[in-house]
Amino acid sequence: MSDVPIKNPGWAGNTGEFDLTEEQVRGEDFIGERPLHGGHSSVSATMPYMLIERNPEAELFEGEYQERFKKILTRYPKKRAALLPVLSMVQELRGHVSPESMDRVAELLDLSPAYVRGVATFYTMYNKRPVGRHLVQVCTNISCNLCGADEVLAAFLESTGTELGETSGDGDFTVIEAECLAACGFPTCVQINSRYFENVTPADVPEILEHLRVQAKEDG
Amino acid sequence: MAYPYVSNAEVRVISQYFGDPTHRRIDTYVKRGGYKALEKALALEPDAVTEEVKASGLRGRGGAGFPTGIKWSFMPKKPTRPHYLLCNADESEPGTFKDRELMRWDPHQLIEGCLIGAYAIRAQHVYIYCRGEFFEVNQILAKAVEDAYMKGYVGEDILGTGTTIDITVHQGAGAYICGEETGLMSSLEGDRGEPRVKPPFPAAVGVFGMPSTINNVETLAVVPHIILNGGEWYRQWGTEKSPGTKLFCVSGHVRKPGNYELPLGFPLIDLIDDVCGGIRDGNQLKAVIPGGSSVPLINAEDARKCELDYEGCVEVGTMLGCASVIVMDHKADLVKQIRRMVDFYAHESCGQCTPCREGSAWTARILRRIEEGQGTEEDLDTLMEMTEQMVGTTICVLSDSVAAPVQSSISKFREDYLELIRSGEQAGAA
Ligand SMILES: Cc1cc2nc3c(=O)[nH]c(=O)nc-3n(C[C@H](O)[C@H](O)[C@H](O)COP(=O)(O)O)c2cc1C
Ligand code: SF4
Ligand code: FES
């Protein structure tokens with residue numbers, strides 16, 4: 001995490017009524033450096049996690065990922081149930097799920113490539129194409145929309161100099177619209193990679209982007 | 001602790017520790033009486049646990065409001081095959097943001113509820129199907145489940161009683177329809193999240209072909225309190241038919257949006273004016289959607305009469321749904337908001353049923369036309385007729401959810417539509 005202070009700590013930040021730290025609100029003090037794969041096989045993470053650093057050529061399912069794959073298989077009575085978790089791991093490693101990756105997954109789980117494609121394309125969180133280091137998803141659904149989400153989206157597009165869905169020239173940002181992120185009381189909610197920013201107004205956008213640029217440099 | 005969204009009107013049963021970051025830790029939770037309800041439940045017969053929940057009158061908090069104890073009693077009494085409990089943590093109904101708060105502030109309350117529910121329905125495995133977008137929540141939940149395994153509350157031979165229950169945290173990958181109960185089951189099995197025709201019902205043929213019960217996060221979070229204090233205790237709040245407390249997620253044009261736990265039957269207008277500090281910027285109330293984007297919207301007049309329980313909402317022509325109260329003031333661009341919701345449903349339709357797939361896309365197109373000043377008054381009749389055919393004709397009720405906002409807004413706010421149509425006509429004539 002970058003230590004550039006950021007005004008919008010992600011939860012009720014700009015109401016000024018809240019006296020916890022961002023770390024406490026997000027639960028970082030609780031989960032600490034908990035690795036994604038966790039200790040217990042039941043909770044080994046399988047969300048389509050987005051890292052800044054990714055490698056579209058990365059080997060699939062070696063080392064730690066092989067371990068995670070084995071753990072995941074133990075918790076379902078049928079092997080096919082591991083499909084979503086495995087696709088998520090692909091995205092975590094490579095940043096998107098390419099047709100070639102889908103074929104590898106099909107092989108691994110004894111499924112047909114057509115089946116895997118049919119499933120992968122059903123779910124919006126799997127990026128079918130490469131995206132910027134920061135995938136900015138602005139919720140424009142009703143609660144956020146009532147409170148100005150369209151302006152927030154416009155501000156992100158303007159500040160990154162991109163069109164909707166297009167990646168900026170430096171490869172840093174892709175901005176897209178999202179459906180309700182279940183943070184409707186803290187509008188506008190923006191998900192950037194795997195993190196929520198809440199109560200975002202157009203005025204916050206340059207600062208958030210600066211924060212992300214610094215973070216990309218540090219991590220990348 | 002400073003959880004800014006509190007009000008004196010609240011009765012905080014399940015939200016008591018919102019805003020207290022120490023409560024996620026298992027030691028704190030246990031020190032405050034956590035896992036006592038589990039201990040008590042495991043000493044009872046499973047059916048006695050179900051009876052207690054029945055006595056409380058608790059109704060499902062995921063939207064449909066089906067009585068939880070009765071749902072549990074549909075499960076086979078003599079298990080010959082594995083049973084599953086599914087916890088629906090896919091929260092994605094626009095306007096709803098309560099399950100995320102429940103999981104991030106009080107993960108052990110949910111875990112305890114899952115364990116008690118699983119015991120009651122004789123399940124040895126619980127899957128918590130949590131939204132893939134919830135990165136922090138998933139990590140918090142994962143750590144909490146891990147801690148609960150370490151302390152012997154989850155896993156084999158729980159607390160030395162011989163009962164075995166495993167809990168798996170599983171993540172979705174972005175699809176609203178996976179919140180529908182059978183869609184969730186398809187998704188959990190590694191398939192497209194397409195809903196299935198009922199019957200067979202999940203209690204007979206559920207996930208992996210086995211008897212299954214599915215409950216919302218909030219429903220399960222209440223269960224430990226009911227077991228600990230008794231079903232009768234829970235009935236001290238709410239109404240005869242809608243007992244207990246409920247989290248109300250208020251969003252839109254109020255001064256203090258947020259999650260408020262209130263007794264069911266609470267007057268909607270008091271929620272808006274007192275609890276949430278009234279409408280922003282001194283504006284006037286125009287419309288309210290009291291139960292999330294899938295329920296009909298009501299005007300200010302009905303909002304003043306509405307009591308927030310399952311029956312009270314029906315009386316004013318809407319539904320309580322998951323109690324996601326979306327408030328609009330007189331400056332709201334209502335037609336645009338309805339169109340935005342229909343866009344959402346068109347995007348999320350799984351495509352199996354023609355009325356839903358085609359109907360939602362067409363509805364969105366006509367609405368956009370009206371919004372852009374290209375509509376005619378006949379379009380409104382077309383919309384009414386078309387959405388009429390989307391009700392009760394499909395596998396799941398996503399299709400009905402398109403009809404609800406469209407029909408209610410045309411019948412209650414026709415003038416908003418006509419204004420756009422007229423201004424378009426004038427612009428065309430000029
Ligand atoms: C399209 C659709 C989406 C739904 N999404 C959710 C959801 O995100 N979370 C949820 O708990 N229930 C959702 N439901 C309701 C579930 O189908 C189911 O009724 C509920 O999880 C049952 O739990 P309960 O009895 O505890 O309410 C949805 C239903 C439909 C038709
Ligand atoms: S009603 Fe719509 S979402 Fe539901 S099963 Fe049919 S097509 Fe899919
Ligand atoms: S509408 Fe934006 S988070 Fe729900």
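An account of the accompanying structure is given in this report. Fair warning: this is a prediction, and the values are worked out from it, not measured in the lab.

Rules and cut-offs
Residues numbered from 1 in each chain as written. Chains lettered and ligands numbered in written order. Predicted model: local features only at pLDDT ≥ 70, side-chain atom pairs only at ≥ 80, totals over all residues. Heavy atoms only, no water. Helix = DSSP H or I, 4+ residues; strand = E, 2+ residues; numbered from the N terminus. Rg over C-alpha atoms; globule rule 2.2 N^0.38 Å. Buried < 20%, exposed > 50% of the residue type's maximum accessible area, 1.4 Å probe, protein only. Pairing = 2+ DSSP bridges. Polar contact = N/O pair within 3.5 Å; in protein donor to acceptor, adjacent residues only side chain to side chain. Phe/Tyr/Trp six-rings, centres within 6.5 Å; stacked < 30°, edge-to-face > 60°. Lys NZ or Arg CZ within 6 Å of the ring centre and 35° of its normal. Contact = heavy atoms within 4.5 Å. Buried area = accessible area lost by both parts, 1.4 Å probe. Salt bridge = Lys/Arg side-chain N within 4 Å of Asp/Glu carboxyl O. Axes fitted to C-alpha atoms, helices over the stretch in contact; angles between N-to-C directions. Parallel < 35°, antiparallel > 145°, perpendicular 65-115°, else oblique. Left-handed = near helix turned anticlockwise from the far one by under 90°. Nonpolar A, V, L, I, M, F, W, Y, C, P; charged D, E, K, R; others polar. Disulfide = S-S within 2.5 Å. Near = heavy atom within 4 Å.

**Thoughts on the overall build of chain B**
- Secondary structure summary: chain B contains 18 helices and 11 strands in total.
- Taken against the 2.2 N^0.38 rule, which gives 22 Å for 430 residues, the C-alpha radius of gyration of chain B at 22 Å falls within 12% of a compact globule.
- Dimensions along the principal axes, computed over C-alpha positions, put chain B at roughly 80 × 45 × 40 Å.
- Each of the 430 residues in chain B was classed as buried or not, and the buried ones make up 65%.

**A closer look at the pairing of strand S4 (residues 212-216) of chain B**
Residues and elements named next belong to chain B.
- Within S4, 5 of the 5 residues are buried, leaving the element largely enclosed by the surrounding structure.
- Side chains of S4 alternate between two faces, with Ser 212, Ile 214 and Asn 216 and Thr 213 and Asn 215 buried alike.
- Bridging between strand S1 (residues 84-89) and S4 involves 5 bridges; their strand directions are parallel. The partner of Cys 87 across the bridge, within S4, is Asn 215.

**Digging into the side chain of Ser168(A)**
Residue and element names in this part refer to chain A.
- Take Ser 168: it is sitting in the loop between helix H8 (149-160) and strand S2 (173-178).
- With relative accessibility at 8%, the residue Ser 168 sits in the buried group.
- Of the polar contacts made by the side chain of Ser 168, one reaches the side chain of Asp 170; its length is 2.6 Å.
- Polar contacts involving the side chain of Ser 168 include one to the main-chain amide nitrogen of Asp 172, which spans 3.3 Å.

**Comments concerning the sheet that holds strand S11 (residues 324-329) of chain B**
Residues and elements named next belong to chain B.
- What the 5 strands build is an open sheet, ordered S6-S5-S11-S8-S9; its pairing is mixed. Pairing within the sheet leaves two strands with one partner each, and these edge strands are strand S6 (258-263) and strand S9 (298-299).
- The pairing of strand S5 (residues 245-252) with S6 spans 6 bridges and is antiparallel. Bridged to Cys 249 within S6 is Asn 259.

**A word on the packing of aromatic side chains**
- For the structure on display, the rule yields 18 aromatic pairs over all chains.
- Between Tyr123(A) and Tyr126(A), the aromatic rings sit 6.2 Å apart at their centres with planes inclined by 75°, giving edge-to-face as the arrangement. For the pair Tyr123(A) and Tyr126(A), a shared accessibility class is recorded, and that class is buried.
- Clustering of aromatic rings is evident, with ring pairs tying together Tyr76(A), Tyr84(B), Tyr127(B) and Phe208(B).
- Across the ring face of Tyr310(B), the terminal group of Arg59(B) is positioned such that the distance to the ring centre comes to 4.2 Å.
- The positively charged end of Arg365(B) is found above the aromatic ring belonging to Trp362(B), 4.5 Å away from the centroid.

**Concerning the interface of chain B and chain A**
- Opposite the 78 residues of chain B that make contact, chain A presents 67 residues.
- For the pairing of chain B and chain A, the buried interface totals around 6,100 Å² over both sides, and the portion due to carbon and sulfur atoms is 58%.
- Looking only at chain B, the three residues that lose the most surface to chain A are Phe135(B), Ala173(B) and Arg340(B), adding up to 11% of its buried area.
- There are 8 salt bridges connecting chain B and chain A.
- Asp191(B) serves as the salt-bridge partner of Arg80(A), at 3.9 Å between the closest nitrogen and oxygen.
- At the level of elements, helix H5 (99-105), strand S2 (125-130), helix H7 (135-150), strand S3 (166-171), helix H8 (181-188), S5, S11 and helix H14 (334-348) of chain B are the ones that each hand at least two residues to the side of chain B that touches chain A.
- For the side of chain B that touches chain A, the element with the most residues is H7(B), which contributes 12 residues.

**Concerning unusual backbone geometry**
- Here the amide bond leading from Lys198(B) into Pro199(B) is cis, since omega sits at -5°, within 30 degrees of zero.
- Relative to the helices and strands, Pro199(B) is located in the loop between H8 and S4.
- The phi dihedral of Asn193(A) is positive, around 50°, even though this residue is not glycine.
- Structurally, Asn193(A) can be placed in the loop between strand S3 (190-192) and strand S4 (195-197).
- Positive phi, close to 65°, is recorded for Tyr35(B), a residue that is not glycine.
- By secondary structure assignment, the location of Tyr35(B) is in the loop between helix H1 (26-31) and helix H2 (36-42).
- According to the relative accessible area criterion, Tyr35(B) is buried, its value standing at 1%.

**Observations regarding the packing of helix H3 (residues 63-73) of chain A against helix H4 (residues 83-94) of chain A**
All names here are of chain A.
- Close contact between H3 and H4 brings their axes to 11 Å; oriented N to C, the two are set at 160°. When the axes of H3 and H4 are compared, the pair comes out roughly antiparallel. Both H3 and H4 take part in a crossing whose hand is right-handed. From H3, Tyr 65, Arg 68, Phe 69 and Ile 72 reach across to H4, where they touch Pro 85, Val 86, Met 89, Glu 92 and Leu 93.
- Residues of the contact of H3 with H4, tallied by class, amount to 7 nonpolar, no polar and 2 charged.

**Concerning the side chain of Asp99(B)**
- As for its position among the elements, Asp99(B) is in helix H5.
- In this structure Asp99(B) touches Asn88(B), Glu91(B), Asn216(B), Val217(B) and Glu218(B), once residues within four positions along its chain are discounted.

**A closer look at the pattern of salt bridges**
All names here are of chain A.
- All chains considered together, the criterion is met by 42 salt bridges over all chains.
- A salt bridge links Arg 94 to Glu 100; the shortest N-O distance between them is 3.4 Å.
- Classification of Glu 100 by relative accessible area gives partly exposed; the value is 47%.

**Topic: the state of the cysteines**
Residue and element names in this part refer to chain B.
- Within this structure, the stated rule accounts for 0 disulfides over all chains.
- There is no disulfide at Cys 178, and the cysteine sulfur nearest it, in Cys 350, is 9.5 Å away.
- Relative accessible area serves as the criterion here: at 1%, Cys 178 is assigned to the buried category.
- Cys 276 forms no disulfide, and the closest cysteine sulfur to it belongs to Cys 249, at a distance of 11 Å.
- Classification of Cys 276 as buried rests on a relative accessible area of 0%.

**Examining the site of ligand 1**
Residues and elements named next belong to chain B.
- Among the 18 residues in the neighbourhood of ligand 1, the closest are listed as Gly 62, Lys 71, Asn 88, Asn 216 and Thr 219.
- Backbone polar atom of Arg 61 to an oxygen atom of ligand 1: 3.3 Å apart, as the coordinates give it.
- Between ligand 1 and Glu 181, the relevant distance is 3.0 Å, taken from an oxygen atom to a main-chain nitrogen or oxygen of the residue.
- In terms of residue count, the dominant contributor to the shell around ligand 1 is S4 (3 residues).
- Tallied by class, residues from the shell around ligand 1 come to 4 nonpolar, 8 polar and 6 charged.

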